[in-house]
Amino acid sequence: MKPQELLADVSTRERTNLRIHTAVGVTVLAIFGGLSGFAFWVMSSADQPSSFGVASVSAAANDATNSVQLAWTAPGDDGNVGQASSYDIRYSTGTLNESTWGFATTVVGEPAPQPAGSAESFIVPGLQPNTTYNFGVKTTDDAGNTSTISNIAAKTTAALSIPNCVENWSCQAWSACTSGQQSRTCADQAGCGTTSNRPALTRACTVQPDGTTTLPGGQSGTTNDVAPNTVVTSAPTASHATPRFTFTWNGVDDVTSPERLQFSYRLDTRAWSSWTLNNQVVLRDLRNGRHTFTVRARDASGNVDPSPATTTFTVQLQSFVVVGIERNAGPRVRLYSPTGQLQKDFFAFESNYRGGVQVLAADLGDDGQSEVIVAPNAGRRGEVRIFRQDGSRISSFLPYGANYRDGVNLAVADVNGDGPMEIIVAKQRGTPNVRVFGFRGGRFTQVYREFNGESANIRNGLSLAAGDLNGDGRDEIITVAAGGTASTLRVYRLQGTSMRLVAQRGSILGSVRSGFSVTTADLANDGTEEIIVGPRSNAAPTIRIFVLRGSSIAQIRRAYTIFRTNERAGVRLSSADVNGDGREDVVASYGGTVQPKLTVFSGANLATRLRVLSTFSVRDRLVLTHSSGT
């Protein structure tokens with residue numbers, strides 16, 4: 001999250017030293033041990049831990065690409081005496097302050113505080129090259145009191161090594177056509193001493209009877225046919241652990257200035273992007289597996305770099321599956337690894353609430369790490385809560401006010417393409433009202449006009465999903481009735497400040513009229529997502545797959561019956577790459593009280609079962625809600 005408010009500095013503070021610099025490993029500690037010129041402030045009060053922060057930042061010349069070393073002087077338990085109990089170190093690539101602290105990435109393995117006045121240091125690993133990070137620290141004393149956030153230490157990690165010299169060729173005019181050939185001389189203005197990007201020095205030609213010279217194949221005879229050269233300046237390290245990265249690049253040309261060069265890029269074999277003057281892009285959908293990022297430059301004469309710059313890397317995401325119980329049970333939420341190992345178990349609301357929950361996982365902070373979003377069903381006020389993966393609560397809001405108690409359904413979407421996800425909500429009962437909430441000014445607030453996702457007379461709630469259905473970098477919102485007799489699938493897209501209906505299709509599961517479960521997944525691994533729909537209840541567990549084509553919704557592939565046809569319990573659906581092959585798979589569970597298991601079906605072929613994850617006791621007949629994150 002990137003709200004713009006900054007926490008005001010506390011003026012009544014005493015100065016002491018703090019340092020921050022990049023580090024490759026432990027051996028660098030001695031090299032940087034004598035750096036000075038840093039400061040953080042300490043605020044003393046009885047029975048309160050000190051509050052400290054960074055006043056300035058410096059780095060050694062030998063920066064690291066994937067780690068930063070923090071250094072500070074230990075505060076005390078009571079003022080500047082004693083020993084604090086623990087540190088909480090976090091970082092963010094966006095604004096870091098008290099209002100965004102909950103969404104910041106929590107560092108693992110912080111050092112235990114030493115006595116007041118001791119020198120402290122810690123290396124934050126797992127960072128990405130050429131990325132600016134904001135670091136902050138909070139301290140807790142033995143009474144459980146927690147300090148305010150420190151001043152923020154900002155540091156940009158080093159870029160990957162780029163060529164020491166980038167060739168920049170300039171050529172003389174072509175000679176007259178003699179014996180079917182023209183020649184010219186070219187020189188590298190950068191003087192690199194290499195020739196990997198040297199333009200052609202000869203070319204075939206023909207002298208026509210009228211004395212004009214033509215080139216074979218209709219080639220251009222323009223005097224400026226020297227193409228620019230492109231170089232990637234920031235790319236992931238060999239192994240990348242999050243789905244997000246900012247790629248940067250530059251280009252040189254003998255005639256066109258760097259600021260006028262245009263660029264086009266692509267990931268793997270996807271389509272090339274439109275030409276742009278920008279020299280960076282944030283890709284947020286990196287999948288497991290080996291990838292190649294390619295970028296090319298074009299000069300003002302239309303010459304395109306014939307040897308685009310490429311970088312190859314491997315993504316290894318640390319993903320998880322979040323599972324909740326949908327009805328007739330406590331608000332218990334569990335996080336599992338893709339292999340079924342329990343990672344976290346917590347209650348999202350008071351344990352005596354028995355109405356069940358809806359769960360989602362999404363990267364709300366745009367930092368590559370997912371948060372867990374939970375909403376209650378009927379019987380409790382409709383409060384949406386956001387948690388870290390360790391079960392600690394970050395924030396909450398009431399999308400329909402404090403008096404609404406009929407349950408909330410959830411989806412997440414980046415509807416405007418700016419990076420951070422918005423939370424989409426719909427009522428489970430009453431008018432089919434859909435609202436979009438974003439994090440603004442330190443809280444979640446409604447950011448676009450609400451709309452009805454169904455006819456106003458449909459009162460049985462809406463099922464929601466979202467995904468980039470046309471590959472434009474913005475997510476569409478998908479709605480379909482969660483109950484009752486309606487059976488129309490609708491797709492909405494942000495236009496101006498409103499969500500507008502762009503496509504719809506009726507009778508999506510034939511004669512089924514008992515409500516629908518819906519999710520999205522990039523089953524074709526082509527950068528656009530498909531819509532997967534199944535019945536919520538009282539129907540055979542048959543699912544269908546649809547794609548958005550312009551203003552229409554088309555079914556692709558055949559229908560799949562994923563469980564036994566005599567189990568007319570419906571289904572619940574989500575998607576995840578559980579086997580790490582880079583392709584999203586479909587995760588399904590029963591819509592009725594059959595078994596609390598998640599079955600994973602191959603995204604390439606839904607007839608293939610990849611895995612079954614046991615979540616709660618098979619003795620309990622539970623309906624599950626589930627999602628996945630990183």
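Because the structure is a prediction, the values reported are computed rather than measured.

S.K.: What is the right way to read the overall build of the protein chain from this model?
M.R.: Counting its secondary structure elements, the protein chain contains 1 helix and 48 strands. Classification of the 630 residues of the protein chain by burial places 54% in the buried group. Long-range pairs, those at least 24 residues apart, make up 58% of the contacts in the protein chain with a sequence separation of at least 6. Looking at the protein chain as shown, the accessible area adds up to about 26,100 Å², and 45% of this sits on carbon and sulfur atoms.

S.K.: Looking at this structure, I do not really get the packing of aromatic side chains. What am I missing?
M.R.: Aromatic ring pairs: the centre-centre distance and the angle between the two ring planes describe each pair. Tallied over the entire structure, the rule returns 22 aromatic pairs. An angle of 45° between the planes, with centres 5.8 Å apart, marks the rings of Phe247 and Phe313 as tilted. In this pair, Phe247 sits in strand S19 (residues 245-252) while Phe313 sits in strand S23 (residues 309-315), placing the two residues 66 residues apart along the sequence. Here the two residues Phe247 and Phe313 agree in accessibility, since each one is buried.

S.K.: Looking at this structure, how should I read the state of the cysteines?
M.R.: By definition, a disulfide links the sulfur atoms of two cysteines through a covalent bond. Per the stated rule, a full pass over the model turns up 3 disulfides. Across the disulfide, Cys165 is cross-linked to Cys192 (sulfur-sulfur distance 1.9 Å). Taking the torsion about the sulfur-sulfur bond, which here is approximately -80°, the covalent link between Cys165 and Cys192 counts as left-handed. Here Cys192 lies in the loop between strand S13 (186-188) and strand S14 (202-204) and Cys165 lies in the loop between strand S10 (153-156) and strand S11 (169-171), a separation of 27 residues in the sequence. Each sulfur in the disulfide pair Cys171 and Cys186 lies 2.0 Å from the other. Negative torsions about the S-S bond denote left-handed disulfides, and the value of about 105° found for Cys171 with Cys186 makes this one right-handed. Here Cys171, found in strand S11, pairs with Cys186, found in strand S13; they are 15 residues apart in sequence, far enough to count as distant. With its disulfide-bonded cysteines labelled consecutively along the sequence, the protein chain is connected as 1-5, 2-4, 3-6.

S.K.: What am I meant to see in the sheet that holds strand S25 (residues 332-336) here?
M.R.: In a beta sheet, neighbouring strands are held together by backbone hydrogen bonds and run either parallel or antiparallel to one another. Reading across from one edge, S26-S25-S24-S48 is the order of the 4 strands in this open sheet, with antiparallel pairing throughout. The sheet is open, and its two edges are formed by strand S26 (342-347) and strand S48 (624-629), each paired on a single side. Direction aside, the axes of adjacent strands within the sheet are offset by 20° on average. Sheet topology places strand S24 (residues 320-325) next to S25; 4 bridges connect them, and they run antiparallel. Considered in S25, the bridge of Val323 is made with Arg334.

S.K.: Any chance you could explain the pattern of salt bridges here in plain terms?
M.R.: As a working rule, side chains carrying opposite charge can pair if their charged atoms are close by. In this structure the tally under the stated criterion is 21 salt bridges. Asp285 serves as the salt-bridge partner of Arg270, at 3.0 Å between the closest nitrogen and oxygen. With Arg270 in the loop between strand S20 (262-267) and strand S21 (280-283) and Asp285 in the loop between S21 and strand S22 (289-298), this pair connects stretches of sequence that are 15 residues apart. A residue is classified by how much of its surface remains accessible, and Arg270, at 21% relative accessible area, is partly exposed. Overall, Asp285 belongs to the partly exposed group, its relative accessible area being 26%. Arg490 serves as the salt-bridge partner of Glu454, at 2.9 Å between the closest nitrogen and oxygen. Highlighted residues: Glu454 in the loop between strand S35 (451-452) and strand S36 (462-467) and Arg490 in strand S38 (residues 489-495), separated in sequence by 36 residues. Given the relative accessible area of 7%, Glu454 is considered buried. A relative accessible area of 12% places Arg490 in the buried class. Where salt bridges share partners, they join Glu350, Arg380, Glu383, Arg385 and Arg393 into one cluster.

S.K.: What should I look at first to understand the environment of Pro199 in this one?
M.R.: Among the secondary structure elements, Pro199 is positioned in the loop between S13 and S14. Considering only alpha carbons, one finds Pro199 and Val226, 27 residues apart in sequence, at a separation of 6.4 Å. Apart from the residues lying within four places of it in its own chain, the contact partners of Pro199 are Trp169, Cys171, Arg184, Cys186 and Val226.

S.K.: What is the right way to look at the sheet that holds strand S6 (residues 86-92) in this model?
M.R.: Here 4 strands make up an open sheet; going across it, the order is S7-S6-S9-S10 and the pairing antiparallel. The sheet is open, and its two borders are formed by strand S7 (105-106) and S10, each paired with just one other strand. Judged from the 2 bridges that link them, S6 and S7 form a sheet pairing that is antiparallel. Bridge pairing links Arg90 to Thr106 in S7.

S.K.: What is the right way to look at the nonpolar core in this model?
M.R.: Generally speaking, soluble globular proteins have nonpolar side chains that are buried together. Ranked by size, the top nonpolar core spans 20 residues in total, and within it Ile373, Ile386, Leu410 and Ile423 carry the most contacts. Among the elements of the structure, strand S27 (357-362), strand S28 (371-376), strand S29 (384-387), strand S30 (393-397), strand S31 (408-413), strand S32 (422-427) and strand S33 (433-440) are those that each provide at least two residues to this core. Residue contributions to this core peak at 3 residues, all from S31. By size, the runner-up hydrophobic cluster in this structure holds 19 residues, among which are Leu469, Leu489, Val491 and Ile531.

S.K.: How should unusual backbone geometry be read in this particular structure?
M.R.: Most peptide bonds take the trans configuration, and most residues that are not glycine carry a negative phi. The residue Asp268 is not glycine, and still its phi comes out positive at about 55°. Within the fold, Asp268 resides in the loop between S20 and S21. The exposure class of Asp268 is partly exposed, given its relative accessible area of 28%. Notably, Asn525 is not glycine yet its phi reads approximately 55°, a positive angle. Inspection of the secondary structure puts Asn525 in the loop between strand S40 (516-521) and strand S41 (530-535). What makes Asn525 partly exposed here is its relative accessible area of 35%.

S.K.: Even after reading the chapter, I still don't get the pairing of S33, so can you show me in this structure?
M.R.: Each regular strand shows side chains that alternate between the opposite faces of the sheet. Counting buried positions along S33 yields 7 of 8 residues, so the element is predominantly enclosed. The pairing of S32 with S33 spans 4 bridges and is classified as antiparallel. By the bridge assignment, Ile424 is partnered in S33 with Val436. Adjacent in sequence and paired antiparallel, S32 and S33 are bridged by 5 residues, among which Gly430 carries a positive phi angle near 95°. Looking at chain direction, S33 and S35 are connected through 2 bridges and run antiparallel.

S.K.: Looking at this structure, how should I read the layout of surface pockets?
M.R.: Unfilled space is identified by rolling a water-sized probe across the atoms. Space inside the second largest pocket adds up to approximately 1,100 Å³. Lining the second largest pocket are 44 residues, and of these Tyr91, Thr105, Thr106, Gln318 and Gln369 sit closest to its centre. Looking at the lining of the second largest pocket, its residues break down into 16 nonpolar, 22 polar and 6 charged.

S.K.: Hey, could you run me through the confidence of the model for the protein chain in this one?
M.R.: The share of residues in the protein chain with pLDDT of 70 or more is 88%, and the mean pLDDT across the chain is 85. The low-confidence segment residues 1-62 (pLDDT under 50) makes 183 contacts with residues lying over four places distant or belonging to another chain.

S.K.: Please explain the side chain of Thr311 as it appears in this structure.
M.R.: Relative to the helices and strands, Thr311 is located in strand S23. Thr311 has contacts with Val232, Ala235, Phe247, His291, Thr292 and Phe293, leaving out every residue within four places of it along the chain.

What counts, and at which threshold
- Residues numbered from 1 in each chain as written.
- Predicted model: local features only at pLDDT ≥ 70, side-chain atom pairs only at ≥ 80, totals over all residues.
- Heavy atoms only, no water.
- Helix = DSSP H or I, 4+ residues; strand = E, 2+ residues; numbered from the N terminus.
- Buried < 20%, exposed > 50% of the residue type's maximum accessible area, 1.4 Å probe, protein only.
- Contact = heavy atoms within 4.5 Å.
- Areas by Shrake-Rupley, 256 points an atom, 1.4 Å probe, with all protein chains shown as cover.
- Phe/Tyr/Trp six-rings, centres within 6.5 Å; stacked < 30°, edge-to-face > 60°.
- Disulfide = S-S within 2.5 Å.
- Pairing = 2+ DSSP bridges.
- Axes fitted to C-alpha atoms, helices over the stretch in contact; angles between N-to-C directions.
- Salt bridge = Lys/Arg side-chain N within 4 Å of Asp/Glu carboxyl O.
- Core = buried A, V, L, I, M, F, W, Y, C linked by side-chain atoms within 4.5 Å.
- 1 Å grid on protein atoms, 1.4 Å probe; cavity = no way out; pocket = protein on both sides within 12 Å on 5 of 7 lines; lining within 4 Å.
- Points joined across faces, edges and corners; volume = space filled by probe spheres on them.
- Nonpolar A, V, L, I, M, F, W, Y, C, P; charged D, E, K, R; others polar.
- pLDDT = per-residue confidence, 0-100.

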